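What follows is the residue order along each chain.
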Amino acid sequence: MTFDLVIRGGTVVDGSGLPRFRADVGVAGGRIAEIGRIRAPARRTVDADGLIVSPGFIDGHTHMDAQVAWDPLGSCSCWHGVTSVIMGNCGFALAPCKPEERAWYARCLTAVEDIPTEAIMAGVDWRWESFPQYLDAIESFPKAINYGAYIGHSALRMYVMGRRAMEEKATDADIERMRALVREALQAGAMGFSTSRSPTHTAPGDVPVASRVAEWREVERIAAVLSEEDAGIFQVAPDTTSGARQRAFLDLLKQLALDLGRPVMFGTISSRQGEAPNPWTYQTHWLDDVAAAGGRIWGQTTTRSINAIFSLKSYLPFDVLPAWQKVRALPLPDQLRRLADPETRRALIAAEAQMKPRDNIFQGGGAATTDPRRPDYDNLFALSGVDWDEPPVAELARRRNANPVEVMLDLMVANADQVFVQPIVNERPEEVLGLLKHPRTLATFSDSGAHVAQEMGSSLQTHMLNYWVRQRRAFTLEEAVRKMTFDIASAWDLRDRGLVRPGMAADLVLFDEATVKPRLPVVERDLPGGARRLVQKADGIAAVIVGGELTQEAGKDTGARPGRLMRRA
């Protein structure tokens, strides 16, 4: 036979966790057809000598629901070896949606996920109302990666209840209508049903998102459709208001997991959440308890800290202060001149000194408030690399015998692209390692597509390979690849992905294990309408293959768009 593609001479890490081996990989009809010494001809050959050939990475927690309409690449995930993503997490989605309510949905998505409203309205071709129509639209969009989608509780509630969704309990009739729409979505191929109880998820006006208004009885009755159809996954963002609230929530979720008999995705698992939080070990022990009782449960986690990211080109912690606002309103070249001016500096430093001391209220990224708090400079880092080894700004200030704000000003004047990160949770590498080592956690919480100017989690895969495999040697390459491929494919029941085996989808990533790593994030204005976002690419990714077609070579887009909608079978 003649293959469509042969990848020659690579070292295969097949996703199973088994030892690597050297082999050719032949592809035909979008699937892996043969592995071994291939002598048959091929329409195209890729030389993989010196490279790892692995399954394409899978990201189960993204918010690319709007981005898929305007970004055929699937960035930034695509640059880190990701070939398949699941979106619609935490109850947030753009369907079902009545035409007259599109702007409302966009504003709600902006409030929760920092996806600019103007970008959504300018970039989305709203050709749907129902969720099945949304899936059809996704299928029709040109795509370089694959997408699956949950039907989200907040969108569902807003569609059925209108503005009542933001403040009222659902009637029995409302719930039955929502149940019917979830059933329709599952039958059309939705990956499942998602919801949120997280106190950080708020709509415009700082009010709870629609799913948080719902009684737990409503969640149970809607989720029961998954059991009735024997299909789909239940994904939930947990209540983390306090340790006591979280424990009460976990009791409810355990019972729901046992009643459903369907997979439950609990995300995210992190080092601390809310006030007087439960330790991360409490959460992993809970996962074990649910599994021992018969529940199908997984916790989603990160491979590094979850950070608020600051820069001159996006947000700074001081942007709510009037003295800073005068400077920040200027064009960037003028800002740089003012920041270098001694008199202006004195005024800016004096304004920061009037901020209240840091407390336990989250104020990351663009979450500006009328009661701003001083950054914790011992937990604020000026990035010069991506290796999780930077000294904090407070330490830089001590070394220079300078004010921390002065240090930040010096760095920004010297480099307008300077990025600062403030870890929010998972600050300690050893805690992250404990989470990643647990057998019921999945390395898959990127939030790609959300918090686009505040956070950057799309690099979780290349961070795993660079930091945990190459630097820390906490995982073998085989273990790490399995965690990002087969383990995730198995949890989501993506039966034709996650392994380099004959018959599987030819979604593959070729990388140099000695050099693969994320680059530093930068701010670009590449969203529809010119809105800004953080962009992070990677080194060491030689090629990405989706459905048997090369979509990237040496980090460059080939123009191929073989991605497809992954409908639940």
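Keep in mind it's a predicted model, so treat the numbers as computed, not measured.

A. Molecular detail of the sheet that holds strand β16 (residues 297-301). With parallel pairing, 6 strands are arranged side by side in an open sheet as β10-β11-β14-β15-β16-β20. Whereas interior strands pair on both sides, the edge strands pair on one side only; in this sheet they are β10 (151-152) and β20 (441-443). Pairing of β16 with β20 involves 3 bridges; the strand directions are parallel. Across the sheet, residue Gln 300 finds its bridge partner in β20, namely Leu 442.

B. Focus on the packing of aromatic side chains. Taken as a whole, this structure holds 12 aromatic pairs when the rule is applied. Ring centres of Phe 131 and Tyr 134 lie 5.8 Å apart, and the angle between their planes is 55°; on these two criteria the pair is classed as tilted. On the criterion of helical spacing, the pair formed by Phe 131 and Tyr 134 is a turn pair, its members being 3 residues apart in helix α3 (residues 131-140). With a relative accessible area of 2%, Phe 131 lands in the buried category.

C. Up close: the environment of Arg 44. Looking at the secondary structure, you find Arg 44 in the loop between β3 (31-36) and β4 (45-47). C-alpha of Arg 44 to C-alpha of Gly 205: the two residues are 161 residues apart in sequence and 55 Å apart in space. Beyond its immediate sequence surroundings of up to four residues, Arg 44 is in contact with Asp 4, Leu 5, Val 6, Leu 550 and Glu 553.

D. Structural detail: the packing of helix α12 (residues 342-353) against helix α14 (residues 404-414). The N-to-C vectors of α12 and α14 enclose an angle of 135°; their axes lie 10 Å apart at closest approach. Classified by the interaxial angle, the pair formed by α12 and α14 is oblique. For α12 against α14, the interelement crossing comes out right-handed. Where α12 approaches α14, its residues Arg 345, Leu 348, Ile 349 and Glu 352 are matched on the opposing element by Val 405, Glu 406, Leu 409, Asp 410 and Val 413. Residues belonging to the contact of α12 with α14 are distributed by class as follows: 5 nonpolar, no polar and 4 charged.

E. Fine view of the pattern of salt bridges. In this structure the tally under the stated criterion is 46 salt bridges. Ionic pairing is found between Arg 217 and Asp 172, a salt bridge with its closest N-O pair at 3.3 Å. Here Arg 217 is found in helix α7 (residues 216-229), whereas its partner Asp 172 is found in helix α5 (residues 172-188), with 45 residues between them in sequence. Given a relative accessible area of 35%, Arg 217 falls into the partly exposed group. Among the salt bridges present, the one from Asp 496 reaches Arg 497, with a minimum N-O distance of 2.8 Å. Here the two residues Asp 496 and Arg 497 agree in accessibility, since each one is buried. Connected through salt bridges with shared partners, the residues Lys 169, Asp 172, Glu 176, Arg 179, Arg 183, Glu 215, Arg 217, Arg 221, Glu 228 and Glu 229 form a single ionic network.

F. A look at the nonpolar core. Counting residues in each nonpolar core, the largest one holds 122 residues, and the members touching the most others are Phe 234, Leu 253 and Phe 511. When residues of this core are assigned to their parent elements, the largest contribution, 7 residues, is made by α5. Excluding its chain neighbours within four sequence positions, the residues that come into contact with Phe 511 are Leu 51, Ile 52, Ser 54, Phe 57, Leu 465, Leu 477, Val 481, Val 516, Gly 540, Ile 541 and Ala 542. Ile 349, Leu 380, Ile 424 and Ala 453 belong to the second largest nonpolar core, which has 33 residues in total.

G. Representation of the packing of helix α11 (residues 332-340) against α14 in the model. Close contact between α11 and α14 brings their axes to 10 Å; oriented N to C, the two are set at 140°. By the criterion of interaxial angle, the relationship of α11 to α14 is oblique. The handedness of the crossing between α11 and α14 comes out as left-handed. The residues of α14 that touch α11, namely those facing Leu 336, Leu 339 and Ala 340, are Leu 409, Met 412 and Val 413. Here the contact of α11 with α14 is composed, by residue class, of 6 nonpolar, no polar and no charged.

H. Geometry of α5. Here α5 is 17 residues long and its end C-alpha atoms lie 24 Å apart, about the 24 Å a rise of 1.5 Å per residue gives. Taken as a whole, α5 has its buried residues at Asp 174, Ile 175, Met 178, Arg 179, Leu 181, Val 182, Ala 185, Leu 186 and Ala 188. Looking at the buried residues of α5, the elements they touch are α3, β10, α4 (153-161), β11 (192-196) and α7. Positive backbone phi, at 115°, marks Gly 189, one or two positions downstream of α5.

I. Focus on the sheet that holds strand β9 (residues 146-149). A sheet is described by the order of its strands in space; here 3 strands give the open sequence β6-β8-β9, paired in parallel fashion. The sheet is open, and its two edges are formed by β6 (57-59) and β9, each paired on a single side. Sheet twist, expressed as the mean angle between neighbouring strand axes with direction ignored, is 15°. Inspection of the sheet shows strand β8 (residues 82-87) paired to β9 by 4 bridges, in the parallel sense. Each bridged residue has a counterpart across the sheet, and for Ser 84 the counterpart in β9 is Asn 146.

J. Expanded view of the pairing of strand β22 (residues 508-511). Where burial is concerned, the two faces of β22 agree: the one with Leu 508 and Leu 510 and the one with Val 509 and Phe 511 are both buried. The sheet contact formed by strand β5 (residues 52-55) and β22 spans 4 bridges and is antiparallel. Across the sheet, the residue bridging to Pro 55 is Leu 508, located in β22. Relative to strand β27 (residues 541-546), β22 is paired through 4 bridges, and the arrangement is antiparallel. Residue pairing in the sheet places Leu 510 in a bridge with Ala 543 of β27.

K. Representation of empty space enclosed by the protein in the model. Counted by the stated rule, this structure contains 3 cavities of 30 Å³ or more. A volume near 130 Å³ is recorded for the largest cavity. Gln 67, Ser 448, Gly 449, Ala 450 and Val 452 are, among the 19 residues lining the largest cavity, the residues nearest its centre. At the level of secondary structure, the elements contributing two or more residues to the lining of the largest cavity comprise β21 (445-448) and β25 (533-535). Class assignment for the residues of the lining of the largest cavity results in 8 nonpolar, 8 polar and 3 charged. Its volume calculated, the second largest cavity comes out at about 110 Å³.

L. Here's a closer look at unusual backbone geometry. Following Ser 75, the chain continues into Cys 76 via a peptide bond in cis, with omega recorded as 10°. Along the chain, Cys 76 falls in the loop between β7 (61-62) and β8. Here the bond from Ala 95 into Pro 96 is cis, since omega is -5°, no more than 30 degrees from zero. Mapped onto the elements, Pro 96 comes out in the loop between β8 and α1 (102-113). Residue Asp 114 is not a glycine yet carries a positive backbone phi of 55°. Tracing the backbone through its elements, the reader meets Asp 114 in the loop between α1 and α2 (117-123). Judged by its relative accessible area of 12%, Asp 114 is buried.

Conventions and cut-offs
Residues numbered from 1 in each chain as written. Predicted model: local features only at pLDDT ≥ 70, side-chain atom pairs only at ≥ 80, totals over all residues. Heavy atoms only, no water. Pairing = 2+ DSSP bridges. Helix = DSSP H or I, 4+ residues; strand = E, 2+ residues; numbered from the N terminus. Phe/Tyr/Trp six-rings, centres within 6.5 Å; stacked < 30°, edge-to-face > 60°. Buried < 20%, exposed > 50% of the residue type's maximum accessible area, 1.4 Å probe, protein only. Contact = heavy atoms within 4.5 Å. Axes fitted to C-alpha atoms, helices over the stretch in contact; angles between N-to-C directions. Parallel < 35°, antiparallel > 145°, perpendicular 65-115°, else oblique. Left-handed = near helix turned anticlockwise from the far one by under 90°. Nonpolar A, V, L, I, M, F, W, Y, C, P; charged D, E, K, R; others polar. Salt bridge = Lys/Arg side-chain N within 4 Å of Asp/Glu carboxyl O. Core = buried A, V, L, I, M, F, W, Y, C linked by side-chain atoms within 4.5 Å. Expected span 1.5 Å × (residues − 1). 1 Å grid on protein atoms, 1.4 Å probe; cavity = no way out; pocket = protein on both sides within 12 Å on 5 of 7 lines; lining within 4 Å. Points joined across faces, edges and corners; volume = space filled by probe spheres on them.

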